[in-house]
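Analysis of the macromolecular model
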Protein chains: 2
Amino acid sequence: MELTSALYLIPVNISNAPLRDTLPDGNLDILRQLRHLIVENIRTARRFLKKCDPSFDIGAVTFYELNRHTDLSEVSSYLEPLRRGEAVGVMSEAGCPAVADPGALPVSIAQREGLKVVPLVGPSSILMALMASGFNGQGFSFNGYLPIEAKEREKKLRDLEALSRRCDMTQIFIETPYRNNKMVECLARTLKGDTLLCVACDITDPEHETIVTQPASRWKNTRYNFDKRPAIFLIYASK
Amino acid sequence: MELTSALYLIPVNISNAPLRDTLPDGNLDILRQLRHLIVENIRTARRFLKKCDPSFDIGAVTFYELNRHTDLSEVSSYLEPLRRGEAVGVMSEAGCPAVADPGALPVSIAQREGLKVVPLVGPSSILMALMASGFNGQGFSFNGYLPIEAKEREKKLRDLEALSRRCDMTQIFIETPYRNNKMVECLARTLKGDTLLCVACDITDPEHETIVTQPASRWKNTRYNFDKRPAIFLIYASK
């Protein structure tokens, strides 16, 4: 792939799978040519680049850190190379940048200024979970995190279940990994027995990937352990 | 990637980009070993396989057609090889199978029977459009096609706009490609002036990819031609 003056959105692996299994070769062509990279964490970004290609000339790359400690008024300046006709990359810690991570901010600035934005292909746990759930992919919502407080959470779950049934839409959400098991318990207890729940865990991991769809009633009697594993939750209540 | 007994969900290119730019090499390892493929159209599936690898032994593959002419009661029988411990693949015409295409049916049957489902990485125009829009990726909905009738369509658009503002969610939808220009006109006329509209067209196409975000008011005075080009529409109304 040939580099042009654009903001490249560069996906990162989400498991220990060999990179050739989850990232197109073309992404590496782009990475090798980039001299400016917006990343969430410089140390892990360097590690990823070295994993992509041990001979990678990391010294030639300028890194710009974008995470919750970043002064957001600085982010616009990260795009200076782009304004003068160079290319800039955006990477997140895992998966596709600008979906559920801070990378959306430089993208929105680039769009506002009419600068070119080029998304590259890579693993998205949300999308891959949806594919493998067997649920409706013609209509779906990603809702991020649910409320933590028990009553509010149960109400939100019932709302999502009703919405799924009324609008025929798959409802997707995530949880902090150390609370995954509690989430499944709560779902099994709160949802109607015939509402389908899919838990998609360790997506793309060749050894540990688990993507299981069952009615809520069956989850009650299923043994599972999703503790501290990256997971996506999907519910689907058909009419 | 080593083949196991599973239903593999195999993405297909969505543009004329070289395959190495949009599909991981590992997908080809799987494709080469599969002897059973569920596809939307056998002719285009063969063409894709030949493009992946001109030496592909297509004669060794049994194809099962799944499209709107298929008797859906037959689909379960497509999974027979899987039930006896072999692997089966699902491919759609373009993009990721089981998202907005008939592939979801064999996946839901496999899940119901506790058969393993493995999604592979590939281009998804919905997700790539979302990445490049600069819109909120922490909350978003894909709504498929909107109503065709003018009044109903305008009402639906206003509903989605209000929902985007109230719930801080990006609203995504598609249109039959020959009606794309009419859709942009309708959006520019119907949405509030400061609501953002992103049109993402010919995603991954190295020559024609166009992903542009502008306020609805500016789209009114913009020249564009999205006629007969595959496109994704996204709207975002911030509070």
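Attention here is on the structure that accompanies the text. (Residues numbered from 1 in each chain as written. Chains lettered and ligands numbered in written order. Predicted model: local features only at pLDDT ≥ 70, side-chain atom pairs only at ≥ 80, totals over all residues. Heavy atoms only, no water.)

1. Description of the sheet that holds strand 4 (residues 88–91) of chain A
Backbone hydrogen bonds hold the strands of a sheet together, and the pairing may be parallel or antiparallel. Residues and elements named next belong to chain A. Read from one edge of the open sheet, five strands run 3-2-4-1-5, paired in parallel fashion. The sheet terminates laterally at strand 3 (62–65) and strand 5 (117–119), the two strands that pair on one side only. For this sheet, the mean inter-axis angle between neighbouring strands, taken without regard to orientation, is 25 degrees. Of the strand pairs in this sheet, strand 1 (residues 7–10) and strand 4 are connected by four bridges, and their pairing is parallel. When the bridges of strand 4 are listed, L7 appears paired with V88. (Pairing = 2+ DSSP bridges. Helix = DSSP H or I, 4+ residues; strand = E, 2+ residues; numbered from the N terminus. Axes fitted to C-alpha atoms, helices over the stretch in contact; angles between N-to-C directions.)

2. Describing the interface of chain B and chain A
Counting residues at the interface gives 52 residues for chain B, matched by 52 residues for chain A. Both faces considered, chain B and chain A share a buried interface measuring about 4200 Å² in area, 57% of it formed by carbon and sulfur atoms. Three residues, Q111(B), V121(B) and M131(B), lead the burial of chain B against chain A; their summed loss comes to 16% of the area buried on that side. Taken together, the connections running from chain B to chain A amount to two salt bridges. With a closest N to O distance of 2.5 Å, R20(A) and D29(B) form a salt bridge. Between chain B and chain A we count 17 residue pairs in polar contact (both at pLDDT 80 or more) in total. Contributing elements (two or more residues each) for the side of chain B that touches chain A: helix 1 (25–33), helix 4 (104–112), strand 5 (117–119), helix 5 (125–133), strand 6 (140–145) and strand 9 (210–215) of chain B. Of the residues forming the side of chain B that touches chain A, the biggest block, seven residues, is contributed by helix 5 of chain B. Across the side of chain B that touches chain A, the residue classes break down as 30 nonpolar, 16 polar and six charged. Of the pairings in the sheet, the one linking strand 6 (residues 140–145) of chain A to strand 6 of chain B comprises three bridges and is antiparallel in character. (Contact = heavy atoms within 4.5 Å. Buried area = accessible area lost by both parts, 1.4 Å probe. Salt bridge = Lys/Arg side-chain N within 4 Å of Asp/Glu carboxyl O. Polar contact = N/O pair within 3.5 Å; in protein donor to acceptor, adjacent residues only side chain to side chain. Nonpolar A, V, L, I, M, F, W, Y, C, P; charged D, E, K, R; others polar.)

3. Notes on the relation of the copies chain B and chain A
Between the two copies of the chain lies a relationship made up of a rotation around an axis and a movement along it. Expressed as a screw operation, the relation of chain B to chain A combines 0.0 Å of axial shift with a rotation of 180 degrees, fitting to an RMSD of 0.0 Å. Such a combination of turn and shift is consistent with a two-fold rotation axis. Taken together, the interface assignments show that 100% of the residues at the interface of chain B recur at the interface of chain A, consistent with an identical surface on both copies. (Least-squares fit on C-alpha atoms with pLDDT ≥ 70 in both.)

4. Comments concerning the environment of D194(B)
Residue and element names in this part refer to chain B. Mapping D194 onto the fold places it in the loop between helix 7 (180–190) and strand 8 (196–201). Judged by its relative accessible area of 56%, D194 falls in the exposed class. A C-alpha to C-alpha distance of 48 Å links D194 and Y64, two positions 130 residues apart in sequence. Once residues lying within four places of it in the same chain are set aside, the contact partners of D194 are R165 and P215. (Buried < 20%, exposed > 50% of the residue type's maximum accessible area, 1.4 Å probe, protein only.)

5. Some thoughts on the pattern of salt bridges
Going through the model one piece at a time under the given rule, you end up with 20 salt bridges over all chains. Two residues, R84(A) and E86(A), come together in a salt bridge whose shortest N-O distance is 2.9 Å. A relative accessible area of 30% means that E86(A) is categorised as partly exposed. For R179(B), the salt bridge is made with E175(B), and the minimal N-O distance between the two is 3.7 Å. Look at E175(B) and you get buried, because its relative accessible area is 5%.

6. Points about helix 4 of chain B
The set of residues buried in helix 4 of chain B consists of A104(B), P106(B), V107(B), I109(B), A110(B) and Q111(B). Immediately beyond the C-terminal end of helix 4 of chain B, within one or two residues, lies G114(B), with a positive phi of roughly 70 degrees.

7. Some words on helix 5 of chain B
Within helix 5 of chain B, eight of the nine residues are buried, leaving the element largely enclosed by the surrounding structure. Just beyond helix 5 of chain B, the residue with positive phi is G134(B), at close to 85 degrees.

8. Details of the nonpolar core
For soluble globular proteins, the rule of thumb is that nonpolar side chains tend to be buried together. L7(A), I232(A), L7(B) and I232(B) are the most contacted members of the largest nonpolar core, which has 80 residues in total. Setting aside residues up to four positions removed in sequence, I232(A) forms contacts with S125(A), I126(A), A129(A), I172(A), F173(A), I174(A), C198(A), V199(A), A200(A) and I203(A). (Core = buried A, V, L, I, M, F, W, Y, C linked by side-chain atoms within 4.5 Å.)

9. Some words on the packing of helix 7 (residues 150–167) of chain A against helix 8 (residues 180–190) of chain A
Describing two packed helices takes the angle between their axes plus the distance from one axis to the other. Residue and element names in this part refer to chain A. Taken N-terminus to C-terminus, the directions of helix 7 and helix 8 make an angle of 60 degrees; their axes are 10 Å apart at the nearest point. Classified by the interaxial angle, the pair formed by helix 7 and helix 8 is oblique. The two elements helix 7 and helix 8 cross, and the hand of that crossing is right-handed. Taken together, the residues of helix 8 that come into contact with helix 7 (itself represented by R153, E154, L157 and R158) are M183, C186, L187, R189 and T190. Split into classes, the residues belonging to the contact of helix 7 with helix 8 amount to four nonpolar, one polar and four charged. (Parallel < 35°, antiparallel > 145°, perpendicular 65-115°, else oblique. Left-handed = near helix turned anticlockwise from the far one by under 90°.)

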